[in-house]
Number of protein chains: 2
Amino acid sequence: MNPQNTTIRNTVPSSVSDIVLLAKRLEIDELKHLQSRAHLVGVISHMVHALQAERGASSIYIASDGKRFEETRLKLVGESESVQRLLRDLILEESCASASSNARIVALLAWVLLGLDALSDLRARITSLRLSGSESVAAFSRIIAGLIALIFEVADASVDPDISRLLVSLFNLVEGKEFAGQERAVGALHFGAGRCDGPLKERLLYLIDAQARSFEVFLQFADASLHRKWAVMENEDYTAELLRLRELLRAAPPGAVLDPALSDPWFACCSNRITAIWSIQRDLVEALQQHCATLIAKAEEALLDSEGLLRSLREAQPPRADAVDRFFDPHLAVEQSLSFAAAAPESSQRPRSLIELLQAQSRHLADMEAELTSAKRALAERKVIERAKGVIMVRFGLSEDEAYTRMRKASMDRNMRLVDMAEFLLAKAIPF
Amino acid sequence: MNPQNTTIRNTVPSSVSDIVLLAKRLEIDELKHLQSRAHLVGVISHMVHALQAERGASSIYIASDGKRFEETRLKLVGESESVQRLLRDLILEESCASASSNARIVALLAWVLLGLDALSDLRARITSLRLSGSESVAAFSRIIAGLIALIFEVADASVDPDISRLLVSLFNLVEGKEFAGQERAVGALHFGAGRCDGPLKERLLYLIDAQARSFEVFLQFADASLHRKWAVMENEDYTAELLRLRELLRAAPPGAVLDPALSDPWFACCSNRITAIWSIQRDLVEALQQHCATLIAKAEEALLDSEGLLRSLREAQPPRADAVDRFFDPHLAVEQSLSFAAAAPESSQRPRSLIELLQAQSRHLADMEAELTSAKRALAERKVIERAKGVIMVRFGLSEDEAYTRMRKASMDRNMRLVDMAEFLLAKAIPF
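Residues numbered from 1 in each chain as written. Chains lettered and ligands numbered in written order. Predicted model: local features only at pLDDT ≥ 70, side-chain atom pairs only at ≥ 80, totals over all residues. Heavy atoms only, no water.

As annotated in an unreviewed UniProt entry, chain A is ANTAR domain-containing protein from Candidatus Competibacter phosphatis.

If you want it as structure tokens, here you go:
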């Protein structure tokens, strides 16, 4: 992928200056790798979108015994397939990229590839109507879940705070959009049946709640322009219509009659909203890619600066004497810039010696790490909640929704944050 | 370092099986790299020990105007130098090792190398008595602090929970031992002066407190055999003697007369205890290296198993049909084994298909991550405390001890854990 890597890393440095430059080059390498992952994530979120559309069309095709949506479905399959080919190549490339030595990402790449490779067979079964509607939905949803999990892992592996924030934001947006898509499907089934069904209603309430949670985190890490776009969407008529229909569904007791004529407006307002979310998602992916490019340009400039500085130091004076005097200078608050303790305000002056260069770099790295911690907290909390949910599912033989609802209720009863409840559960393994 | 890496990573895989095997090979690569880092950490902690001894002898040499400890010091310098040569080579090698793309580690490696390269000049100045005792101590302590920070970063970068626990334990032991060494030096000065000095006493109390904190975390992550060795040390006469002398220093008000004849017993009991800690430290380094070897052997066995399984699958049936049927099998609780959600109990059966192999691997990775989180919490809390300390130092122009003492007092006054106080301070930036 990056033939430069091999060269840089296989040459053993012989001095401190060499290592300093090596560190800068490694930073650039890492940013470039991050950029290629950002590209991968862009294609993944496009694939999710394409599969969601294909899933919807396939459901209608199956439900109508192949009478409706035959052409629409074929068109959408064609679109899915073109993204799919691109994604397959990227996955194979990424799985062997030099810096991707993250076992969790590689395992998920394999998993997703397995799903992509099974798609053509899935489509053949749908075309010949050898699959029920719910089987088809479950199959597409499984691949989509894998793709979304991959975005999560890439976000979790990012080492740049801004990129992390953008990725955390994107992960939550894509996930929220998937919940919105499932809400559309379940609601359509619900209205279509003409009668309120207890389990379907439960599922719908779960999807609405989970969606709100995802979008909340998305907004927490989104910039002002995305907030504006989001606010516009929230003020559209279709959002008002969706809220009205949701209230109607929420208020209906199990067994109550529902007007089947509401299926179409339900589907329409959900679809309009999903389209708006998709547009926001593309903006976010665009912002992510631009930010990577900016960071790389900055890092390359910093490398040139450092090379210049080190050259001028070599020419100006014997570097060793300089290093000795400065290394032991008692007035230098060095301990503070040693990795984690850095807190001194960043100097606006350019560094003038090797020591100052190292100090500036350590300070920069420590600042980045502190920022990174806050972006990653959202992911860490998420993992704790998912893990606790898994424990409850296994222990009580519950579905994902049920496990979540149970944990959610327990946390509200005890007036605890959901994540604290989850940690408590994992730590004490208490029954509840 | 590891020429195998390049080969594995530059071959683009073409199927899911390829990626699965690649993931296993990456895991082995990563473990081997961890092993070489464990070796580096062993040499670093040896270097810390050698420099501590050299620092002590140099102080006596300078204080006696070159009349005492001339030979002892030269012998210790010789020992330091032999570890130093080994360490220098390892640092240069590690800084370009393929997987070390961790900018913080590389920056610290450069910093430590700068210190090591300045050592010969430092020694020349000490030999010709061109340095005061406190300058000499400060210089050695600075290099030691860099070496200890490097152990911290290596621990923080480890991806295996058991190795992380061992490294967290080792970091705290080495750091506690450094506090113990400084306590010995400050106490010797204190008794030697024959009179209780306010600032020296403050420093001594800080060092005793900091030491207790480090050893507590060391014990938290240490195994039973180290606990036993520790308990034996705590029951020795020299520990009782140290506790008695500490009480005496603690009780003395500033200005009170101290018996200078207590210098020698103070130095003796401190030294005996430090020697015992050094022996425990060597055991811990040994355990670390053995554990790495065990993990590599296990991972290599798992790779052979997987290769065998994949070969038999290829021979037994067309792999694609198998993948399709199994990927969409609704009875498979797949979502649970997707990265972070894994919680199902590990199956004792060997996996029989590609899907099961992937599931087993994901489950294994998720379990590892959950364990890793708990080992790393100790490091994360440590970073928060250090960062808050740095903020206080800069804002109030305080020394490290003073900042720590202030934060500690504030946390006790408010009945908060130290780390919670530190987080509070960083979040609100409150003055106190």
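So much for the structure itself; the text now carries on.
### Structural notes on the overall build of chain A
Under the convention used in this document: Note on conventions: DSSP H or I runs of at least 4 residues are helices, E runs of at least 2 residues are strands, and numbering of each starts at the N terminus. What makes two residues a contact is simply this: any of their non-hydrogen atoms within 4.5 Å. Surface accessibility follows the Shrake-Rupley procedure with a 1.4 Å probe radius. Residue values consider only the protein chains on display as shielding.
What chain A contains, in helices and strands, is 15 helices and 0 strands. Restricting to contacts in chain A with at least 6 residues of sequence separation, those with at least 24 account for 76%. Approximately 18400 Å² of chain A is accessible, and the part contributed by carbon and sulfur atoms is 55%.

### A look at the nonpolar core
Rules: Only buried residues count toward a nonpolar core. Its members are Ala, Val, Leu, Ile, Met, Phe, Trp, Tyr and Cys residues joined through side-chain atoms within 4.5 Å. Three labels apply to residues, based on accessible area from a 1.4 Å probe with only protein chains included: buried if under 20% of the type maximum, exposed if over 50%, partly exposed otherwise in between.
Ranked by internal contacts, the top residues of the largest apolar core, which has 243 residues, are A:Leu87, A:Ile91, A:Leu147, B:Leu87, B:Ile91 and B:Leu147. Those residues in contact with A:Ile91 that lie beyond four places of it in its chain are A:Leu40, A:Leu109, A:Val112, A:Leu113, A:Leu116 and B:Ile19.

### Considerations on helix 9 (residues 237-251) of chain B
Residue and element names in this part refer to chain B. Defined as follows: For a helix, the expected span equals 1.5 Å multiplied by the residue count minus one. This arc is built from the directions going out from the helix axis to the C-beta atoms.
Helix length check: helix 9, at 15 residues, gives a terminal C-alpha distance of 21 Å against a target of 21 Å (1.5 Å per residue), a fit within 8%. Taken together, the buried positions of helix 9 are occupied by Tyr238, Thr239, Leu242, Leu245, Arg246 and Leu249. One face of helix 9 carries all of its buried residues, which in axial projection span an arc of 125°. Residues of helix 9 that are exposed and point more than 90 degrees away from the buried face comprise Asp237 and Ala251.

### Digging into the side chain of A:Glu54
Residues and elements named next belong to chain A. Tracing the sequence through the fold places glutamate 54 in helix 2 (residues 16-63). For glutamate 54, a relative accessible area of 0% translates into the label buried. Filtering out sequence-adjacent residues up to four positions away, glutamate 54 remains in contact with Leu76, Val77, Ser80, Arg123 and Phe140.

### Details of the packing of aromatic side chains
Within a pair of aromatic rings, the relevant descriptors are the distance that separates the centres and the angle that separates the planes. Residue and element names in this part refer to chain A. To keep it simple, the criterion reads: Working definition: rings of Phe, Tyr and Trp (its six-membered ring) pair if their centres are within 6.5 Å, and the pair is stacked with planes under 30 degrees apart, edge-to-face with planes over 60 apart, and tilted otherwise. Criterion for a charge above a ring: Lys NZ or Arg CZ within 6 Å of the ring centre, and within 35 degrees of the ring normal.
All chains considered together, the criterion is met by 12 aromatic pairs over all chains. Ring centres 6.3 Å apart and planes at 80° place the aromatic pair phenylalanine 179 and tyrosine 206 in the edge-to-face group. Highlighted residues: phenylalanine 179 in helix 6 (residues 161-193) and tyrosine 206 in helix 7 (residues 198-220), separated in sequence by 27 residues. Its relative accessible area of 5% is what places tyrosine 206 among the buried residues. Members of the aromatic cluster, joined through ring pairs, are Phe179, Tyr206 and Tyr404. Across from the ring centre of phenylalanine 396, 4.4 Å away, lies the NZ or CZ of arginine 406, which sits over that ring.

### So, the packing of helix 2 of chain A against helix 3 (residues 70-95) of chain A
All names here are of chain A. The following threshold applies: Interaxial angles span 0 to 180 degrees and are taken between N-to-C directions of axes, which are lines fitted to C-alpha atoms, for helices over the stretch in contact. We call two directions roughly parallel when the angle between them is under 35 degrees, roughly antiparallel when it is over 145, roughly perpendicular when it lies between 65 and 115, and oblique otherwise. Crossing handedness is read from the near helix: turned anticlockwise from the far helix by less than a right angle, it gives a left-handed crossing, and turned clockwise, a right-handed one. Charged means Asp, Glu, Lys or Arg here, nonpolar means Ala, Val, Leu, Ile, Met, Phe, Trp, Tyr, Cys or Pro, and polar covers whatever is left, Gly included.
Packing of helix 2 against helix 3 leaves a shortest axis separation of 8 Å and a crossing angle of 155°. With respect to helix 3, the axis of helix 2 lies roughly antiparallel. As for the relative orientation of helix 2 and helix 3, their crossing is left-handed in sense. Tallied by class, the residues present in the contact of helix 2 with helix 3 amount to 16 nonpolar, 7 polar and 5 charged.

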